[in-house]
Amino acid sequence: MNEALTAGDRAAGGSYRVEPNGNTASWRAELDQLWHRGRAFLGTDLAILGGAMTWVSERTLVAAISNAGGFGVIASGSMSPAQLAAEIIATAERTQRPFGVNLITMHPQLTELIDVCLEHRVSHVVLAGGLPNGAAIGRLRDGGAQVVCFAPALVIARKLTRLGANAIVIEGSEAGGHIGPVSTAVLAQEVLPHLPDVPVFVAGGVGRGEAMLSYLEMGAAGVQLGTRFVCAFESIAHAAFKRAFIRAAARDAVPSAQLDARFPVIPVRALANPATERFRDVQREVIDRFNRGELSQKDAQLEIEHFWAGALRRAVIDGDVEGGSLMAGQSVGMVTREQGTADILAELVDQALRVIAARQHRFATPRVATSGAVIDDAEIPGPAG
Ligand SMILES: Cc1cc2nc3c(=O)[nH]c(=O)nc-3n(C[C@H](O)[C@H](O)[C@H](O)COP(=O)(O)O)c2cc1C
């Protein structure tokens with residue numbers, strides 16, 4: 001637990017539970033039916049992935065997510081092969097349940113990191129940060145791992161499945177961290193009806209169980225959440241980082257700005273802070289120097305890219321919320337207090353069950369029209385096929 005948070009930030013109340021009664025099992029059975037493919041693929045009770053977050057998703061949080069029935073994923077973005085090996089061992093000491101590893105495809109030691117995962121029999125490897133090649137996917141599959149890839153569009157999802165991806169994550173622009181241009185709601189409609197061959201997990205902006213359920217009903221195998229887990233008790237993020245999340249509203253989580261098309265900036269969604277402003281100033285100044293012929297295009301691009309180097313660590317670990325990067329998704333507005341990981345997961349499930357319960361109730365109770373006639377529920381059509 002993080003001592004520097006106030007008692008209010010840590011208030012335990014608020015999470016609600018569906019009152020157990022004779023129907024609870026049937027509500028849960030309906031949910032389990034909806035996400036059975038995701039549960040079977042992950043080997044978990046809940047088809048909820050804890051999205052890997054560099055510096056945040058380490059042994060404690062990953063094991064807590066898996067122990068609570070979800071699927072924790074180690075973020076290896078900042079790790080050497082030896083560090084990853086140590087993290088996998090330490091996580092396995094904390095949970096008997098399945099967990100995965102997220103590898104950044106641009107990592108200079110990708111092959112060695114893959115070998116570490118295979119050596120330690122990591123069941124699922126998520127390839128992120130750029131399109132993986134067939135060799136990386138093949139190496140993992142040949143070594144016995146299930147391979148999960150991010151797809152920012154249907155055509156890429158299809159290509160990745162042809163290359164051997166066992167499952168796909170579609171992540172919309174509401175998400176925290178590196179983002180694509182398309183919203184989760186649109187990506188889900190574009191991909192879910194047309195990718196029946198592999199399980200698809202939906203990420204980006206999922207903050208409550210009702211939204212989770214709606215994506216499952218559209219055909220998702222499960223969901224992936226990152227932002228909601230940052231303020232878990234088990235998250236090692238600095239108290240100042242957590243406090244920034246607890247205070248933020250959805251609109252505070254904004255994509256990084258690019259000032260000049262000649263100098264591309266990879267869009268990253270983060271809470272606006274003084275560093276966000278300074279990044280604009282630095283781009284302006286570097287572009288001016290380039291225009292005056294004082295810098296080559298390559299050096300100018302490097303200076304811009306260098307601005308955020310080490311910034312996520314400074315914020316997450318050192319608590320520098322003014323000069324670091326506060327990567328966060330728009331669902332940050334739904335992070336209202338520090339909370340146990342198991343509680344977060346239970347809340348998501350409860351919210352989904354409440355929708356199912358309300359629906360079952362609606363369809364089971366005879367309804368009376370204004371004329372006084374009883375409406376036969378059997379006449380109400382089900383969801384479109
Ligand atoms: C602080 C932070 C760091 C992240 N780091 C990574 C990362 O290292 N690798 C990755 O694939 N995704 C990363 N993500 C994205 C998450 O894994 C996840 O997909 C995303 O948070 C889901 O959307 P949400 O933020 O709306 O819950 C990061 C997200 C956050 C908020």
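Figured I'd write up the structure that's included with this text. Every chain is numbered independently, its residues counted from 1 as its sequence is written. A pLDDT threshold of at least 70 governs which residues receive local features in this predicted model, and a stricter bar of 80 or more applies before side-chain atom pairs are shown or counted, although totals over entire chains, interfaces and linings include all residues.

Let's shift gears to the sheet that holds strand β3 (residues 99-104). We call two strands paired when DSSP finds no fewer than two bridges between them. Helix and strand definitions follow DSSP, with helices as H or I runs of at least four residues and strands as E runs of at least two, each counted in order from the N terminus. Spatially, β1-β2-β3-β4-β5-β6-β8-β9 is the arrangement adopted by the eight strands of the closed barrel, whose pairing is parallel. If you compare each strand with its neighbour and ignore which way they point, the axes differ by 25° on average. Pairing of strand β8 (residues 200-203) with strand β9 (residues 222-225), which is carried by three bridges, proceeds in the parallel orientation. Within β9, the position partnered with A203 by the bridge is Q224. Sitting on the sheet, helix α3 (residues 59-67) is in contact with β1 (48-50), β2 (71-75) and β3, with an inclination near 165° to β2. Axes here mean lines fitted to C-alpha atoms, for a helix over just the part in contact, with angles spanning 0 to 180 degrees between N-to-C directions. It is the C-beta atoms, placed from the backbone, that decide contacts: two residues are in contact if theirs lie within 7 Å.

The biggest cluster of nonpolar side chains holds 103 residues, and the ones touching the most others in it are V125, I168, I170, F201, V202, A220 and V223. Per element, the largest residue contribution to this core is seven residues, and it comes from helix α14 (residues 341-364). Domain start and end points were adopted from an automatic or database domain assignment. In terms of domain composition, this core takes at least three residues from each of domain 1 (24-229 + 340-358) and domain 2 (239-330). Not counting chain neighbours up to four residues away, the residues in contact with A220 comprise A188, L192, V200, F201, V202 and Y215. What makes a nonpolar core is a set of buried Ala, Val, Leu, Ile, Met, Phe, Trp, Tyr and Cys residues, with links drawn between C-beta atoms within 7 Å. Exposure criterion: with C-beta atoms placed from backbone coordinates, a residue whose C-beta has 20 or more other C-beta atoms within 10 Å is buried, one with 12 or fewer is exposed, and one in between is partly exposed.

A few words on helix α11 (residues 274-291). Here the expected length of a helix is defined as 1.5 Å per residue gap, with one fewer gap than residues. Between the first and last C-alpha of α11 there are 26 Å, a value that for 18 residues agrees with the 26 Å anticipated at 1.5 Å per step. Those residues of α11 lying buried are A275, F279, Q283, V286 and F290. One face of α11 carries all of its buried residues, which in axial projection span an arc of 90°. Residues P274, E277, D281, R284, E285, D288 and N291 are exposed on α11 and point more than 90 degrees away from its buried face. Structurally, α11 contributes buried residues whose contacts are with α12 (297-306) and α13 (311-316). Backbone geometry just after α11 places G293 at a positive phi near 80°. The directions considered for the arc run from the helix axis to the C-beta atoms.

This part takes up helix α8 (residues 184-191). Here α8 has its buried residues at T184, L187, A188 and V191. The buried residues of α8 occupy one face: seen down the axis, they fall within an arc of 100°. More than 90 degrees from the buried face of α8, the exposed residues found are V186 and Q189. Tucked into the core, α8 has its buried residues touching α7 (154-163), β6 (167-171), β8 and α9 (209-217).

With that out of the way, let us pick up the environment of A357. Structurally, A357 can be placed in helix α14. Once the C-alpha coordinates of A357 and E30 are considered, the two residues, 327 residues apart in sequence, prove to be 9.8 Å apart.

Within β3, six of the six residues are buried, which leaves the element mostly enclosed by the surrounding structure. Note: β2 against β3, four bridges, orientation parallel. Bridge pairing in β3 places I74 opposite V101. Handedness rule for crossovers: strands pointing away from the viewer, path from the first strand over the helix to the second running clockwise, crossover right-handed. Following the backbone out of β2, through helix α4 (residues 81-94) and into the adjacent parallel β3, one traces a crossover that is right-handed. In terms of strand pairing, β3 meets strand β4 (residues 124-128) through five bridges, oriented parallel. Opposite N102, over in β4, you have V126 as the bridge partner. Read from β3 through helix α5 (residues 110-119) to β4, the crossover connection turns out right-handed.

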